[in-house]
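So you can see what is in the structure, the chains are spelled out below.
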Amino acid sequence: MKKFKNSGVGFLLFFLTVTFNSSLAVLLYSLIKEQSDGFISIVLIMFIFLSASLCATIDFIRRKLTVDKPVKEIRDATKKMANGNFNIQLYPSSKHGTSTYDQIKVDLNILASELSKMEVFKTDFISNVSHEIKTPLSIIQNYTKELGNKSLSEEVREKYLLTLDVTCKKLTNLVTNILKLNKLENGAIIPEYKSFNLSESIINQILSFESIFEQKSIDLNCNIEENVFFLGEESYLEIIWSNLISNAIKFTEPEGQINISLRKEFNKIIFTIQDTGCGINEEIGQHIFDKFYQGDTSHSHEGNGLGLALVKKVIDIIGGTISVKSQKNKGTTFIVEIKE
């Protein structure tokens, strides 16, 4: 509507200008029509020349203000963005900002803001990846060097080898999660949708952590509805269950409790996992799905901050939702809802 209004105003101004000049020419001719043809011709030619010069000057000034100036601002802004400088702010030429150029400026401001966020995120991502990889590599380098010491006792040597094994597994897990997340975000993993027993899939994931449950003496209570089938990519869903169960175990103290349930409700499948762990406060809760974010640094050695980012990405892909309820020092509950 605004574009139509602007076009109408421009058309009206052009129409009035042509009408005014034509009317002025007719009026001038009526005043000198009794004169000789040569005189009339000279006067009319001079009038046309002056009128055209005036219109051209006005149009030149108009173009400088309404076209050339905003185009130059836009070009300068795009050059800055092309060189990696996203700290730009373009202002509309008028208060209402209804012209096409003003709309382009608004769009460029939004684009620059989003690109700036992406640049910060990329920098943080590279920094975090470098840190996460550098730490285990340093451990591997140091312990490998120590293992070359022939005076080490067998007990110490075994201890060093165990540390190396754990560190290598952590590094492998980090690289695997980065690759998975990258493939998911770029759509490189092509899902193979088929109907499978979701109940059995979750039970198998729980059983894979059986030894850890026993080590920490965690009281596990499961309420899994039988034969809940889902049409989708099973490996996608396994990422969700594996990371949520692993996360619950990580933050639950020995002899704590974890409750896992799965049920169908109308056309939805609801998975719930509740622990009696340390819980999270509201500020941390706003960032738990961000890559590499680790709110509880006391457990940072047990993960790399990518698990919940993977979970959120998979849930977004399958069109589900995930919510979290938590109280500090009382535990956390994750609720995943997906359409059947």
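Residues numbered from 1 in each chain as written. Predicted model: local features only at pLDDT ≥ 70, side-chain atom pairs only at ≥ 80, totals over all residues. Heavy atoms only, no water.

## Examining the overall build of the protein
Helix and strand counts for the protein stand at 9 helices and 7 strands. By residue count, 31% of the 340 residues in the protein fall in the buried class. Restricting the contact set of the protein to residue pairs at least 6 apart, pairs at least 24 apart contribute 68%. Total accessible area on the protein is roughly 22,200 Å²; 58% of this is exposed by carbon and sulfur atoms. (Helix = DSSP H or I, 4+ residues; strand = E, 2+ residues; numbered from the N terminus. Buried < 20%, exposed > 50% of the residue type's maximum accessible area, 1.4 Å probe, protein only. Contact = heavy atoms within 4.5 Å. Areas by Shrake-Rupley, 256 points an atom, 1.4 Å probe, with all protein chains shown as cover.)

## Examining the packing of aromatic side chains
What the rule picks out here adds up to 3 aromatic pairs. Taking 4.7 Å as the distance between ring centres and 85° as the angle between the ring planes, the aromatic pair formed by Y143 and Y160 counts as edge-to-face. A residue pair is termed long-range when its members are at least 10 positions apart, and Y143 in helix 3 (residues 100–147) and Y160 in helix 4 (residues 154–185) qualify at 17 residues. With centroids separated by 4.5 Å and ring planes inclined at 45°, the aromatic side chains of W241 and F271 adopt a geometry described as tilted. Here F271 lies in strand 5 (residues 268–275) and W241 lies in helix 7 (residues 234–251), a separation of 30 residues in the sequence. Judged by its relative accessible area of 1%, F271 falls in the buried class. (Phe/Tyr/Trp six-rings, centres within 6.5 Å; stacked < 30°, edge-to-face > 60°.)

## A few points about the sheet that holds strand 6 (residues 321–327)
With respect to topology, 5 strands assemble into an open sheet ordered 2-4-5-7-6, the strand pairing being mixed. The outermost strands of the open sheet, each flanked by one partner alone, are strand 2 (219–224) and strand 6. Sheet twist, expressed as the mean angle between neighbouring strand axes with direction ignored, is 10°. Both strand 4 (residues 257–265) and strand 5 contribute to a ladder of 8 bridges, which runs antiparallel. For R263, the partnering residue across the bridge sits in strand 5 and is I270. Along the sheet, helix 5 (residues 198–208) contacts strand 2, strand 4, strand 5 and strand 7 (331–339); its crossing angle with strand 2, the most-contacted strand, is approximately 170°. (Pairing = 2+ DSSP bridges. Axes fitted to C-alpha atoms, helices over the stretch in contact; angles between N-to-C directions.)

## A look at the confidence of the model for the protein
When pLDDT is averaged across the protein, the result is 77; 78% of the residues are at 70 or more. Within the model, the stretch residues 297–304 combines pLDDT values under 50 with 17 contacts to residues more than four positions away or in other chains. (pLDDT = per-residue confidence, 0-100.)

## A closer look at helix 2 (residues 37–82)
When the terminal C-alpha atoms of helix 2 are compared, their 63 Å separation across 46 residues agrees well with the 68 Å that a helix rising 1.5 Å per residue should span. The largest bend along helix 2 reaches roughly 40° and is located at K64. Three or more residues of helix 2 are buried, namely I40, V43, F47, S51, V67, P70, I74, A77 and M81. In the segment just after helix 2, G84 is the residue with positive phi, at about 90°. (Expected span 1.5 Å × (residues − 1). Bend = angle between axes of the 7 residues up to and from the residue.)

## A word on the packing of helix 5 against helix 7
Packing of helix 5 against helix 7 brings their axes to within 10 Å, and their N-to-C directions diverge by 40°. Comparing the axis directions of helix 5 and helix 7 gives the class oblique. Crossing geometry of helix 5 relative to helix 7 is assigned as right-handed. Every residue of helix 7 that contacts helix 5 at L198, S201, I202, Q205 and I206 is listed here: E234, L237, E238, W241, S242 and I245. When its residues are assigned to classes, the contact of helix 5 with helix 7 shows 6 nonpolar, 3 polar and 2 charged. (Parallel < 35°, antiparallel > 145°, perpendicular 65-115°, else oblique. Left-handed = near helix turned anticlockwise from the far one by under 90°. Nonpolar A, V, L, I, M, F, W, Y, C, P; charged D, E, K, R; others polar.)

## A word on unusual backbone geometry
Of note in this structure, S217 is not a glycine but carries a positive phi near 55°. Looking at the secondary structure, you find S217 in the loop between helix 6 (210–215) and strand 2. Located in the positive-phi region is N329, a residue other than glycine, with phi close to 65°. As for its position among the elements, N329 is in the loop between strand 6 and strand 7.

## Notes on the side chain of S201
With respect to the helices and strands, S201 occurs in helix 5. The class for S201 is buried, based on a relative accessible area of 2%. With near-sequence residues (within four places) excluded, S201 lies in contact with F196, E234, E238 and W241.

## Digging into the nonpolar core
By size, the foremost hydrophobic cluster in this structure holds 35 residues, and its most contacted members are L198, L237, I240, L244, I245, F271 and I273. Listing elements by their share of this core, those giving two or more residues are helix 5, helix 7, strand 4, strand 5, helix 9 (307–318) and strand 7. In terms of residues, this core owes the most to one element, helix 7, which gives 9 residues. Ignoring anything within four residues of it in the chain, the contact list for I240 reads V311, V314, I315, I318 and V336. Core analysis: the next-biggest nonpolar cluster, separate from the first, contains 8 residues, I74, M81, F86 and L108 among them. (Core = buried A, V, L, I, M, F, W, Y, C linked by side-chain atoms within 4.5 Å.)

## Regarding the side chain of K105
Relative to the elements of secondary structure, K105 occurs in helix 3. A relative accessible area of 2% means that K105 is categorised as buried. Here E73 takes part through its side chain, which lies 2.6 Å from a polar atom of the side chain of K105. (Polar contact = N/O pair within 3.5 Å; in protein donor to acceptor, adjacent residues only side chain to side chain.)

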